[in-house]
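Fold and geometry: a report
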Amino acid sequence: MTATPLRVGLIGYGLAGSVFHAPLIAATEGLALDTVVTSNPDRQGQARAEFPDVRVAATPEELFARAAELDLVVIASPNRTHVPLATAALEAGLPVVVDKPVAGTAAEARGLAALAEKRGLLLSVFQNRRWDNDFLTLRGLLADGRLGDVWRFESRFERWRPQPKGGWRESGDPAEIGGLLYDLGSHVVDQALDLFGPVTEVYAETDVRRPGAEADDDTFLALTHANGVRSHLYVSATTAQLGPRFRVLGSRAGYVKYGLDPQEAALREGSRPGTAAEWGAEDQSLWGRIGSGESPLTGGGTPVPTVPGDYPAYYTAVARALTGAGPNPVTALEAAAALDVLEAARRSARDKVTVTL
């Protein structure tokens, strides 16, 4: 790490900016939150209250006008702005982190990757759920071979929200890139690709279940990976009884894990990495179980200690990449591969076909 922290400009101070990015940036050695961009007076006040030394700008143009004073721009604004803002930042000579989804199409993501490569700048995508506790635990089980050859990967990101909250995330306007397929779907698809590699076939079902909802709120994807693994992925806001977060079935054993990683809830409640004891740890009662021939709900299998979640590791890796000490933790080309799957899923659900990639 450099002796002088790298200066970070953060565009957007809604949920993503204020709950995830700002606290994680501030907690990362080698990074300093320099400027927050938001035109909302209440959010400007919130940023100043939470980070007294931060500068505030009303528009991205104000930030780009003093690009020489910054070392990184983080884009945590609505999805429709990701591509134009990332393009402007790269053209201003600034490395960029973009919240997921990086773009609405794989072609746009690859265009951004090409621009970053041409400019010799870092372009990274915030896929924080690669650092979820359950995902890190599963990665370890796969590395140790305790499941044998994986045959099926079931991943659920389910919620019970029978009333739409409104806002751009639930908008039916295609320009907003809303709906669960591109929101939570970006997470579960990225995790499946990261664990099991490229996908050859995609089948999907998307529904709009809730009265007044405009975008998909109940979605299922079935992926066939090139190595033969089948991933069944569920994202929903209409699930009255939540299923396991992971159910992974292999030739030796299966692993079942219920419950969500605690880091998002902790961040929402105001806890911060570095100040909260045992960051990312969960209670033993929530540990998943590994076994064969029995249900974990009736005591089957053996508890597997859950590895603590580690969202701070993403920005630590970004800081290292910016100083030449490590690789980009999540590249735009990886995000483009996930968008290939999401675009295929949208076409599959619309045309009621299985799409070959």
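Residues numbered from 1 in each chain as written. Predicted model: local features only at pLDDT ≥ 70, side-chain atom pairs only at ≥ 80, totals over all residues. Heavy atoms only, no water.

Topic: the overall build of the protein chain
Definition in use: Secondary structure counts use DSSP, requiring at least four H or I residues in a row for a helix and at least two E residues in a row for a strand, with both numbered from the N terminus. When we talk radius of gyration, it's over C-alpha atoms, and the globule rule is simply 2.2 Å times the number of residues to the 0.38. The rule is simple: take the accessible area with a 1.4 Å probe, protein chains only, and divide by the maximum for that residue type; under 20% is buried, over 50% is exposed, in between is partly exposed. Whether two residues are in contact is decided by their heavy atoms: any pair within 4.5 Å suffices. The method behind every accessible area is Shrake-Rupley, applied with a 1.4 Å probe, and residues are considered shielded solely by the protein chains displayed.
Helices and strands together make up the secondary structure of the protein chain, namely 10 helices and 15 strands. For 357 residues, the compact-globule formula gives about 21 Å, and the C-alpha radius of gyration of the protein chain, at 20 Å, lands near that figure. Considering only C-alpha atoms, the protein chain reaches an extent of 60 × 45 × 40 Å along its principal axes. Expressed as a percentage of its 357 residues, the buried residues of the protein chain come to 53%. Restricting to contacts in the protein chain with at least 6 residues of sequence separation, those with at least 24 account for 70%. Total accessible area on the protein chain stands at roughly 15400 Å², and carbon and sulfur atoms take up 50% of it.

Looking at the environment of glutamine 191
Residue position: glutamine 191 is located in helix α7 (residues 184–196). On the basis of relative accessible area, glutamine 191 is assigned to the buried category, the value being 0%. Taking the C-alpha atoms as reference points, glutamine 191 and alanine 338, 147 residues apart in sequence, are found 9.3 Å from one another. With sequence-adjacent residues up to four places away left out, glutamine 191 is seen in contact with Arg129, Arg130, Asp132, Phe135, Ser155, Arg245 and Phe246.

Some remarks on the UniProt feature "domain: Gfo/Idh/MocA-like oxidoreductase N-terminal" (unreviewed entry) in the protein chain
Put simply, the rule is: UniProt positions are given in the numbering used here, feature names are shortened, and annotations may be inferred rather than shown by experiment.
Within this structure's numbering, the places UniProt gives as "domain: Gfo/Idh/MocA-like oxidoreductase N-terminal" (unreviewed entry) are residues 6–125. Taken end to end, residues 6–125 is 43% helix and 22% strand, and its two terminal C-alpha atoms sit 18 Å from one another.

Some details on helix α10 (residues 332–351)
Heads up, the rule is: An expected span of 1.5 Å times one less than the residue number is assigned to each helix.
In a regular helix each residue adds 1.5 Å, so 20 residues correspond to 28 Å; α10 covers 28 Å between its end C-alpha atoms and thus fits that length. Among the residues of α10, those classed as buried are Ala332, Ala335, Ala336, Ala338, Leu339, Val341, Leu342, Ala344, Ala345, Ser348 and Ala349. Along its buried surface, α10 packs onto α5 (106–119), β6 (123–126), α7, β8 (199–207), β9 (218–225) and β15 (355–356). Just past α10, the residue lysine 352 takes up positive phi, approximately 55 degrees.

Focus: the pairing of β6
We count it as follows: Being paired, for any two strands, means DSSP has found at least two bridges between them.
Residues Leu123 and Val125 point to one face of β6 and Ser124 and Phe126 to the other, with burial holding for every one of them. Relative to β6, strand β5 (residues 96–99) runs parallel, the two being bridged by four bridges. By the bridge assignment for β6, valine 98 is matched with valine 125.

Structural notes on α5
Taking 1.5 Å per residue as the helical rise, α5 with its 14 residues ought to reach 20 Å, and the 20 Å between its terminal C-alpha atoms agrees with that figure. Looking only at α5, the buried set comprises Ala106, Ala109, Leu112, Ala113, Leu115 and Ala116. A positive phi of about 70 degrees marks glycine 120, the residue just after α5.

What to know about the sheet that holds strand β3 (residues 55–57)
Note the following rule: What counts as an axis is a line fitted to C-alpha atoms, over the stretch in contact for a helix, and the angles between N-to-C directions run from 0 to 180 degrees.
Read across the open sheet, the six strands follow the order β3-β2-β1-β4-β5-β6; overall the sheet is parallel. The open sheet is flanked by β3 and β6, the only strands paired with a single partner. Sheet twist, expressed as the average angle between the axes of neighbouring strands with direction ignored, equals 25 degrees. One ladder, built from three bridges, connects strand β4 (residues 72–75) with β5; its direction is parallel. Paired with isoleucine 75 across the two strands is valine 98, which belongs to β5.

Quick word on the layout of surface pockets
This is how the line gets drawn: A cavity here means a set of points on a 1 Å grid, drawn over the protein atoms and nothing else, where a 1.4 Å probe fits but cannot get out; a pocket is an open set with protein on both sides within 12 Å along at least five of seven lines, and a residue lines either one if it has an atom within 4 Å of a point. Grid points are joined across faces, edges and corners, and a volume is the space filled by probe spheres set on the points. Three classes are used, and their members are as follows: Ala, Val, Leu, Ile, Met, Phe, Trp, Tyr, Cys and Pro are nonpolar, Asp, Glu, Lys and Arg are charged, and the others, Gly among them, are polar.
Size it by volume and the second largest pocket reaches roughly 360 Å³. For the lining of the second largest pocket, the elements supplying multiple residues, two or more each, are β8 and α10. With three residues, the top contributor of residues to the lining of the second largest pocket is α10. For the lining of the second largest pocket, a count of residues per class yields seven nonpolar, five polar and six charged.

What to know about the side chain of glutamate 158
The condition that has to hold: Side-chain atoms alone can form a polar contact between residues adjacent in sequence; in general such a contact is a pair of N or O atoms within 3.5 Å, and within protein one must be able to donate a hydrogen while the other accepts it.
Checked against the element boundaries, glutamate 158 lands in strand β7 (residues 150–158). Glutamate 158 sits in the buried class, given a relative accessible area of 14%. A polar side-chain atom of glutamate 158 sits 2.8 Å from the main-chain amide nitrogen of glycine 243. Residues in contact with glutamate 158, not counting those within four places in the same chain, are Tyr234, Ser236, Thr239, Gln241, Leu242 and Gly243.

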